[in-house]
Amino acid sequence: GRAQGLEAAASEEIDARRKALARREQRERESAVAASVASAAAYLVLCTRDMVSRADQRRVTLTAEQAEREQHLGQTRARARQLAHDVTDLTTSVHQDEIARAEQRLRIEALHARVVDEHGIDPQTLAREYGPDQLIPQIDPATGMPSHAGGGDDEDAGDVAGADTPFVREEQEKRLLSAERKLASLGRVNPLALEEFAALEERHTYLTGQVDDLRRSSTDLMAIVKEVDDRVEQVFAEAFHDTAVQFEGVFERLFPGGEGRLFLTDPDSMLTTGVEVEARPPGKRIKRLSLLSGGERSLTAVALLVAIFKARPSPFYIMDEVEAALDDTNLGRLITLFEELRDSSQLIVITHQKRTMEVADALYGVSMQGDGVTTVISQRLREAQAKSA
């Protein structure tokens, strides 16, 4: 085993020496490559320094050229700005000149059209015959005509020619303004004035007739309104008087020993008056409804309704639980009134009072079964009582 161990150690030593030899050879190669790289680097440094030196010289030259060119470029740009400004000024001036020429042309055309419209002659003839080089004739204030209008022979013509004056713009402008003021004071001549007058006169006649018709219609309507108001006042006064009389009697029956009456708030104006109710139950001094109990107010209201029914009977009366707040005594009095009204009218009364149901001729009730379906039940009490009798 020791021999094997020595052999293994020898083998490892041989391998280690072989590897060390390979590493030494590799280091020698790398050393040679490093020496080559070092010599190349030294050469490269020398070349780089030479190139840097030449580059510095080139940079200085280019910097000087750049500065010179930038200076030249600045001068060129300044010149370009100046030229652009000059072009803008020239363009503006040309545009203004064109606008001025167009305005002058339009003004000249407008003047030509005005000359043709107002005077009926072309501008050349107007300038030739009435231009500033022509003498201005004097106007006779008495006749309004030129002073040489009546001249005949040459001698008279010579005298008139001496009276003419040269053209002076300021004087003629003053004469023009004066003539325009006088013309404006006269107003425009309307050639259609007669036709317009005839049309307006016809329309005035038509409108006058319409106004007269409206006035007559208004008078007729006011008469009808007056008649209707009188009729309304008459009917209301009669109805109020009858209702007031019936109210006093009904109130005394519902409140034995009490006193009730109706009166108007404004008797002089039957169309706008209100109706006040005074009720004094027996044993009380108060008359205002607001101070009465609920049953007393309900019974007073029923008394007013029954009074209206008696004053102006109707075939049908429908009342909804009017006796709900009444005690047995007042209920009996109200049922007595119901029986009196039943003689001349039919009453439909919605009630929960048993005594009210007992005096009815027929009963109609609505009940709900367990399935939620409502059923109407009816019973004629008078027929049932007759059969039982």
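It is worth spelling out the overall build of the protein chain at this point. For the protein chain, the count of helices and strands is 9 helices and 6 strands. Here the C-alpha atoms of the protein chain give a radius of gyration of 66 Å, more than 25% beyond the 21 Å that 2.2 N^0.38 yields for 389 residues. The dimensions of the protein chain, computed from C-alpha atoms along their principal axes, are 175 × 155 × 45 Å. Looking at the protein chain alone, contacts between residues at least 24 apart form 48% of all its contacts between residues at least 6 apart. A total accessible area of about 30000 Å² is found for the protein chain, and carbon and sulfur atoms account for 56% of it. A gap of 16 Å separates the mean positions of the 49 positive and 67 negative side-chain charges of the protein chain.

Further remarks concern helix α7 (residues 328–342). End to end, α7 covers 20 Å across 15 residues, agreeing with the expected 21 Å (1.5 Å per residue, within 8%). Three or more residues of α7 are buried, namely N330, L331, G332, L334, I335, L337, F338 and L341. Next to the buried residues of α7 lie α5 (193–254), α6 (294–311), β3 (316–320), β4 (346–350) and α8 (354–358).

In a regular helix each residue adds 1.5 Å, so 118 residues correspond to 176 Å; helix α1 (residues 2–119) covers only 153 Å between its end C-alpha atoms and thus falls short of that length. With its phi angle positive at about 75°, G120 sits one or two positions after the end of α1.

Turning our eyes to something else, we now look at the packing of aromatic side chains. Under the defined criterion, the tally for this structure stands at 4 aromatic pairs. On the basis of an interplanar angle of 20° and a centroid distance of 6.3 Å, the ring pair of F236 and F240 is categorised as stacked. Of the two residues, F236 and F240 both sit in helix α5, 4 residues apart, roughly one turn of that helix. A residue is classified by how much of its surface remains accessible, and F236, at 27% relative accessible area, is partly exposed. Given a relative accessible area of 16%, F240 falls into the buried group. With 5.7 Å between their ring centres and 35° between their planes, F247 and F251 make a pair best called tilted. Here F251 and F247 lie together in helix α5, a separation of 4 residues that amounts to about one turn. Residue F247 is classed as buried on the basis of its relative accessible area of 0%. Every member of this aromatic cluster is reached through a ring pair, and the members are F247, F251 and F255.

Turning next to the packing of α5 against α7. Relative orientation of the contacting elements α5 and α7 amounts to 140°, with a least axis distance of 9 Å. Looking at the two axes, α5 sits oblique to α7. The residues of α7 that touch α5, namely those facing V250, R253 and L254, are N330, R333, L334, T336, L337 and E340. Across the contact of α5 with α7, the residue classes tally to 4 nonpolar, 2 polar and 3 charged.

Let us now look at the nonpolar core. Counting 27 residues, the largest nonpolar core has F247 and L254 as its most contacted members. Going through the elements one at a time, α5, β1 (259–264), β2 (275–280), α6, β3 and α7 are the ones with two or more residues in this core. For L254, the contacting residues outside a window of four places in its chain are L299, A303, N330, R333, L334 and L337.

On to the confidence of the model for the protein chain. Residues of the protein chain with pLDDT of at least 70 account for 90%, and the chain-wide mean is 82. Segment residues 149–162: pLDDT under 50, and 2 contacts once partners within four positions in sequence are set aside and those in other chains are kept.

We now examine unusual backbone geometry. With a phi close to 50°, E321 is a non-glycine residue in the positive phi region. Following the sequence through the fold, E321 ends up in the loop between β3 and α7. Since its relative accessible area comes to 33%, E321 is described here as partly exposed.

Moving on to the packing of α6 against α7. The contact between α6 and α7 brings their axes to 12 Å, and the two run at 15°. Between α6 and α7, the angle falls in the class roughly parallel. Considering only the axes of α6 and α7, their crossing is left-handed. Contact residues: α6 offers L299, V302, V306, F309 and K310, while α7 offers N330, L334, L337, E340 and L341. A breakdown of the residues in the contact of α6 with α7 according to their chemical character gives 7 nonpolar, 1 polar and 2 charged.

Reading the values: the criteria
- One numbering rule holds for all chains: residues counted from 1, following each sequence as written.
- Local features in this predicted model are restricted to residues whose pLDDT is 70 or higher, and side-chain atom pairs enter the listing and the counts only when it is 80 or higher, whereas totals over whole chains, interfaces and linings include all residues.
- Values reported for side chains reflect all heavy atoms of the structure, with hydrogen atoms and water molecules removed beforehand.
- In DSSP terms, a helix is any run of H or I states spanning at least four residues, a strand is any run of E spanning at least two, and both are numbered starting from the N terminus.
- Our radius of gyration looks at C-alpha atoms and nothing else; its globule reference is 2.2 Å times the residue count to the power 0.38.
- We call two residues in contact when some of their heavy atoms are within 4.5 Å.
- Each accessible area value is a Shrake-Rupley result obtained with a 1.4 Å probe; residue values ignore everything except the protein chains displayed when judging cover.
- Here the positive residues are Lys and Arg and the negative ones are Asp and Glu; neither His nor the chain ends is included.
- All charge positions are set by atom: Lys at NZ, Arg at CZ, Asp at CG, Glu at CD.
- The length a helix should cover is 1.5 Å for every residue beyond the first.
- Exposure classes here rest on a 1.4 Å probe applied to the protein chains alone. A residue is buried below 20% of its type maximum, exposed above 50%, and partly exposed in between.
- Classification of ring pairs rests on two measures: the distance between centres of Phe, Tyr or Trp rings, Trp counted by its six-membered ring, which must be within 6.5 Å, and the angle between planes, read as stacked under 30 degrees, edge-to-face over 60 and tilted in between.
- Interaxial angles span 0 to 180 degrees and are taken between N-to-C directions of axes, which are lines fitted to C-alpha atoms, for helices over the stretch in contact.
- Between 65 and 115 degrees an angle is taken as roughly perpendicular, under 35 as roughly parallel, over 145 as roughly antiparallel, and anywhere else as oblique.
- Throughout, the ten residues Ala, Val, Leu, Ile, Met, Phe, Trp, Tyr, Cys and Pro are labelled nonpolar, Asp, Glu, Lys and Arg are labelled charged, and all others, Gly among them, are labelled polar.
- Residues belong to one nonpolar core when they are buried, are Ala, Val, Leu, Ile, Met, Phe, Trp, Tyr or Cys, and are joined through side-chain atoms within 4.5 Å.
- Summary of the metric used: pLDDT quantifies the predictor's per-residue confidence within the range 0 to 100.
- Left-handed describes a crossing in which the near helix is turned anticlockwise from the far one by less than a right angle; the clockwise case is right-handed.

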